[in-house]
Amino acid sequence: MARAWLLKACAAVLLVFGGLWLPWASPATARDVNPLEPIDTSSPQSTLQGFLDFTNKASESAYERLMTYLASSALFLSPEEVSAIRAAIHYLEAAERTLDVSALPPATERESARRLVIQLKEVLDRVDVPPLASVPDTEAMAKAEFKRWTLPGTEIRIARVETGPRSGEYLFDPETVARLPEFYAKVAHMPPKSGATPGWYEFSAYKPSGVALALYRVVPPRWILDVPGWAQVRLLDQPAWRWLGIVGLLAVGLVVLRLCVRLSRSWTKRRPSAARWADVLPPLGLAIVAPLGASILADVLRVSGDVYQVLTLSMWALYYGALTWATWVAGGALAESLIFVDRLRAGSIDSQLIRMVLRLLTLVVAIAILVAGADQIGLPAYSVVAGLGISGFAVALGAQQTLANLIGSIIIMVEKPFTIGNAVKVGGLEGQVESVGFRSTRIRTSYNSLATIPSSLVVNSTIDNMAVRDYCQISATLKLAHDTPAALVEDFVQTIGQVLRHHPDVSPNSVQVTLYDVGPQGLTVVLNVFIKASAAASELAARERIFLDVLRLAESKGIRFALPA
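Everything quoted here is computed from the prediction, not taken from an experiment.

1. Points about the sheet that holds strand 13 (residues 522-531)
Reasoning step 1: The three strands lie next to each other as 11-13-12, forming an open sheet whose pairing is antiparallel. Looking at the sheet topology across the chains shown, the edges are occupied by strand 11 (472-480) and strand 12 (512-519). With direction set aside, neighbouring strand axes in the sheet form an average angle of 20°.
Reasoning step 2: Of the strand pairs in this sheet, strand 11 and strand 13 are connected by nine bridges, and their pairing is antiparallel. Paired with K479 across the strands is T524, a residue of strand 13.

Given below as structure tokens:
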């Protein structure tokens, strides 16, 4: 009896969990089984009949082969036994399509459906199922007011799907799917009907079947399935051997992440210029480790129940978080690489524009990743988008000035009214532009202080860019003594004009020297010229040369300047 139980249990385990780990099935599988064979879900009758037929076919297709393997002295599965298992997996996957798993998180849907199919089969093997002819067919459901059918004496319900890609199909409804573990727990103590597979779920949920199938070519499956008693002690519905596997898996993951961090630091020390790209390694390592860990938890260790839900959803949340992190870091690294390749100054407007554009692009990609990740772990995409929209609106209301400064910075970077190093006048402030950030513009004043002006104020002010002018103007007023002879004043004015027109720093056509006013305080001579100087330093030097020439001329002609009253 015990041996028969073991044979049937092994058959069930290999039937259910062999699909993912048996891509190596022999060509006979393709001839014996049509992998596209569908299951009819057009009515409650066809859905129930299809579920029973496909699960029974799965048992029948592999049971005898596995009995032969376990009863023989062979250590490994033969190609024929592998083909039989693969055929059974096709039927079980088809049976999974009778469950409406739309309420399950996509990240856990596949493994949960496998487990739920077994539980439903165990339940139906223990309760009274009416003759299939009495179950409503397509014609009967077309006339029925309510598009659902409940198995008599139970709360197991088959209902029509009203929306989504499977609209119109009759499936075991989401409430039934959610309560299958509860239903199984209530009937597990009942004896199965004749022809059923006893202990199917118990063995598939608590024996290392996934490990056996993953290592079938290296270790005989019968050795791994023969678990000692101490390794079957359960904690939180998980046997001890599985907890050891979980701890080992997490330890390996932490070691890999630690190696990524060390490699990143080592890369940074050897090549400081590649430091930003080195920062991508830790999140990239996490983005690789997390989904692999989730796959091993589901397909090898076969973690079940609440522990499976928590660990798997956490792994996928880590994956999408790490992918978002890696995308953000990679965007910054790409921006700095483009700046380096184009030989741009780190604080230049072009550099800031490259950074901003790539930040916006990576922000869009990051949001898309987060929305996809939320959907994967069971949060509807529309609720995430709506949440982001509400949060964005709240942030916008609370940070209007910050957004105004950001928009101002974008305008400055696109229109470029000045560049880094230009001498500018912004409102009443004059100085040299040192940097343009995402929030403010910094100007070094003539007295060496650093003024930070919000970008919104800059774009709303009059900007005088003195660095883009070809000439700068010099204006001066000379006060001559009131008793200076008219002939001497006339000669002085004409001579100054001639000197300035031949001066190397002066534009000849711009020279204006004239006697402007005569008064008791003296004679006023106005001097107005444009010099070829754009930078502040060259302007000051040219002014000094011009005024020294004026002073020398006045001294040579005996011109006296008026004293202040």
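2. Digging into the sheet that holds strand 9 (residues 450-454)
Reasoning step 1: Taking strand neighbours across the sheet as the criterion, the five strands line up as 9-8-7-6-10 in an open arrangement whose pairing is antiparallel. With one partner strand each, in any of the chains shown, strand 9 and strand 10 (463-465) form the two edges of the open sheet. The average undirected angle you get between the axes of adjacent strands in this sheet is 40°.
Reasoning step 2: As paired strands, strand 6 (residues 423-426) and strand 10 are joined by three bridges and run antiparallel to one another. Its bridge partner lying in strand 10, K425 is registered against D464.

3. Considerations on the environment of E169
Reasoning step 1: Take E169: it is sitting in the loop between strand 2 (157-160) and strand 3 (170-172).
Reasoning step 2: A sequence separation of 71 residues divides E169 from T98, and the C-alpha atoms of the two residues are 9.0 Å apart.
Reasoning step 3: Not counting residues up to four positions away in its chain, the partners in contact with E169 are T41, R97, A159, R160 and V161.
Reasoning step 4: A polar contact of 2.6 Å, which involves the side chain of E169, links it to the side chain of T41.
Reasoning step 5: Polar contacts involving the side chain of E169 include one to the side chain of R166, which spans 2.7 Å.

4. Brief notes about helix 4 (residues 79-96)
Each turn of an α-helix holds 3.6 residues, which means side chains three or four residues apart point in the same direction.
Reasoning step 1: With 18 residues, helix 4 should cover 26 Å at 1.5 Å per step; its first-to-last C-alpha distance of 26 Å lies within 8% of that length.
Reasoning step 2: Judged by how many residues are buried, helix 4 sits mostly within the fold: 14 of 18 residues are covered.

Rules behind the numbers
Residues numbered from 1 in each chain as written. Predicted model: local features only at pLDDT ≥ 70, side-chain atom pairs only at ≥ 80, totals over all residues. Heavy atoms only, no water. Pairing = 2+ DSSP bridges. Helix = DSSP H or I, 4+ residues; strand = E, 2+ residues; numbered from the N terminus. Axes fitted to C-alpha atoms, helices over the stretch in contact; angles between N-to-C directions. Contact = heavy atoms within 4.5 Å. Polar contact = N/O pair within 3.5 Å; in protein donor to acceptor, adjacent residues only side chain to side chain. Expected span 1.5 Å × (residues − 1). Buried < 20%, exposed > 50% of the residue type's maximum accessible area, 1.4 Å probe, protein only.

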